[in-house]
Amino acid sequence: MRVCIVGIGKIGLPLALQVASKGHQAIGADINPVLVADVMAGREPFPGEAELEQRLKTALDQELFEATTDVRAAVAGADAVLIAVPLIVDEEKNPEFKALDAATTAISEGLTKGTLVSYETTLPVGTTRNRFTPALATGSKLVPGEDFFVCFSPERVFSGQVFADLRRFPKIVGGIDETSTEKGCAFYEAILDFDERPDLPQGNGVWNVGTSETSELVKLAETTYRDVNIALANEFGRYTDRIGVSIKTVIDAANSQPCSHIHSPGVAVGGHCIPVYPHLYLSTDPEATLPRLGRKVNSSMPAYTVGRLINLIGNLDGLRVVILGASYRGDVKELAFSGVFPLAEELGKKGAEVVVNDPLYTDEEIRDLGFAPYRIGEECEAAILQADHKTYTRLNPTMLPGIKAIVDGRGALNPEDWLGSNVAFAALGRGDLA
């Protein structure tokens, strides 16, 4: 089987290599010539993804993977085309379809009879059927459901553990018609392996959910649910800050009841999914209220965290404040919607001299982000922990000379390491140790 994967970024490339691992020919297509050159040379383009480097070398050695910038040529003659091009939102939080529209047009120009087209990018409900299928038909002059087939099957993986997650979670598939759904299910059964999951109501594997709209909503429902849950945890965290109790104790105890599943609060919520996908849901359900409120709460956390720091130390004007962590989450080199950006903006409004540290990034890379780099051991007057890298769990006052106050925005530090020092300490939802 010949499979084309359009968009070979942090999701698409592992998916292509998964296809190759099952003995099928995988062709990665991407408009980024540097990325294409790197993977064709066997260079891992984004370190930190488990199994990626070895799988890339194996697929190249076996001549089961190649990459190109020519999307049209890569699509021509493919049995299946998978699309993993990101969908973002604009400044008004509306879906920005420019990249996906361009990819769809290029795909349509190379599309041949009998091909299955599967969108893996998270989409607003109805987009697969009402936006992309007509575009594919217009560009190819082929009839959907007869000459080619279209389904939606959302990626459900995390950066750094994509291959494990492909095995761990059911593959959701829904098509624009019954035949498209059936072909989509058969395709994913041929390229994926699954862990045993006796905890699931119908076992692990490919799940036929009927329609592309159902499949689109599955992904939006799970991510929007998480966002609202995190917003509620953040509200709990603010309240426990005010009354002086530990949110960790509250959440651990509450989650001991089987029906509870409360997330921990945090300084910000980043990554491609949480800040974006609720807006994709809201774009087709304007009457929804909780997702909109959840986004408002979570978007306010950087300002709230800076406020906590001001409560500890007072005026920030002229003070050197370190943001610990540029990545959006611990031990993953990923910047998408990272809390470092709104935190730096809020600190700048208060007159602070903002510096940034992250063990995953070089000083040059941090400068390229527009920040002054900071190295552990240099003088500073205050800090906010933004990403819960494992290396930060060992931080103590002696490692940040001159520090007067720190806010642990992830609950990653050990408060006992700060007790007895002259440093005012606060962890979101765990109170102050000033």
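These figures come from a predicted structure and were not determined experimentally.

This next bit is on helix H12 (residues 290-299). Regarding H12, the residues found buried are Pro291, Gly294, Arg295, Val297 and Asn298. On an axial view of H12, the arc spanned by its buried residues comes to 165°, and they lie on one face.

Summed over all chains, the structure comprises 22 salt bridges. Between Asp227 and Arg295 there is a salt bridge, with its nearest N and O atoms 2.8 Å apart. Within this pair, whereas Asp227 is found in helix H9 (residues 212-243), its partner Arg295 is found in helix H12, the two being separated by 68 residues in sequence. Judged by relative accessible area, Asp227 falls into the buried class, the value being 0%. Look at Arg295 and you get buried, because its relative accessible area is 8%.

We now examine the sheet that holds strand E2 (residues 25-29). A sheet is described by the order of its strands in space; here 8 strands give the open sequence E3-E2-E1-E4-E7-E8-E9-E10, paired in mixed fashion. Edge positions in the open sheet fall to strand E3 (65-68) and strand E10 (206-211), since each of these has one partner strand only. Each neighbouring strand pair of the sheet contributes to a mean axis angle of 25°, computed without reference to strand direction. Pairing between strand E4 (residues 80-83) and strand E7 (residues 116-119): 4 bridges, direction parallel. Within the sheet, the bridge partner assigned to Val81 lies in E7 and is Val117. Most of the contacts of helix H8 (residues 178-191) go to strand E9 (residues 171-175), to which it runs at about 155°, and overall it touches strand E1 (2-6), E4, E7, strand E8 (149-152), E9 and E10.

Let us look at unusual backbone geometry. The phi torsion at Glu63 lies on the positive side, around 55°, for a residue other than glycine. If you trace the backbone, Glu63 turns up in the loop between helix H3 (52-61) and E3. The phi torsion at Lys141 lies on the positive side, around 65°, for a residue other than glycine. Structurally, Lys141 is set in the loop between helix H6 (127-140) and E8.

The subject of this paragraph is empty space enclosed by the protein. Using the criterion set out here, one finds 1 cavity of 30 Å³ or more in the structure. Of the pockets and cavities examined, the largest cavity occupies roughly 70 Å³. Lining the largest cavity are Glu120, Pro154, Glu155, Arg156, Val157, Asp165, Leu166, Phe169, Pro170, Lys171 and Leu192.

Moving on: the layout of surface pockets. Empty space within the second largest pocket amounts to approximately 470 Å³. Along the wall of the second largest pocket there are 22 residues; nearest its centre are Lys93, Arg295, Ser299, Phe337 and Pro342. Mapped onto the lining of the second largest pocket, the elements with two or more residues apiece are H12, helix H13 (301-313) and helix H14 (340-349). The dominant element in the lining of the second largest pocket, judged by the number of residues it contributes, is H14, at 5 residues. Residues that form the lining of the second largest pocket fall into these classes: 9 nonpolar, 5 polar and 8 charged.

With that settled, consider the packing of H6 against H9. Viewed as axis vectors pointing N to C, H6 and H9 meet at an angle of 115°, and their least axial separation amounts to 8 Å. Taken together, the axes of H6 and H9 are roughly perpendicular relative to one another. Contacts from Thr127, Thr128 and Arg129 in H6 reach Ser212, Glu213 and Glu216 in H9. When the residues that make up the contact of H6 with H9 are grouped by side-chain class, the tally is no nonpolar, 3 polar and 3 charged.

The next subject is the packing of aromatic side chains. By the definition in use, this model includes 5 aromatic pairs. Summarising the aromatic geometry, the rings of Phe187 and Tyr188 are spaced 5.0 Å apart at their centres and angled 75° between planes, so their arrangement reads as edge-to-face. Classification of Tyr188 as buried rests on a relative accessible area of 0%. Here the aromatic cluster, defined as three or more aromatic residues joined through ring pairs, consists of Phe97, Tyr119 and Phe132. Positioned above the aromatic ring of Phe97 is the side chain of Arg131, whose terminal nitrogen or guanidinium carbon lies 4.0 Å from the ring centre. For the cation-ring pair, Lys183 lies above Phe149, with the distance from its terminal atom to the ring centre recorded as 4.9 Å.

Calculation criteria
- Residues numbered from 1 in each chain as written.
- Predicted model: local features only at pLDDT ≥ 70, side-chain atom pairs only at ≥ 80, totals over all residues.
- Heavy atoms only, no water.
- Buried < 20%, exposed > 50% of the residue type's maximum accessible area, 1.4 Å probe, protein only.
- Helix = DSSP H or I, 4+ residues; strand = E, 2+ residues; numbered from the N terminus.
- Arc of directions from axis to C-beta.
- Salt bridge = Lys/Arg side-chain N within 4 Å of Asp/Glu carboxyl O.
- Pairing = 2+ DSSP bridges.
- Axes fitted to C-alpha atoms, helices over the stretch in contact; angles between N-to-C directions.
- Contact = heavy atoms within 4.5 Å.
- 1 Å grid on protein atoms, 1.4 Å probe; cavity = no way out; pocket = protein on both sides within 12 Å on 5 of 7 lines; lining within 4 Å.
- Points joined across faces, edges and corners; volume = space filled by probe spheres on them.
- Nonpolar A, V, L, I, M, F, W, Y, C, P; charged D, E, K, R; others polar.
- Parallel < 35°, antiparallel > 145°, perpendicular 65-115°, else oblique.
- Phe/Tyr/Trp six-rings, centres within 6.5 Å; stacked < 30°, edge-to-face > 60°.
- Lys NZ or Arg CZ within 6 Å of the ring centre and 35° of its normal.

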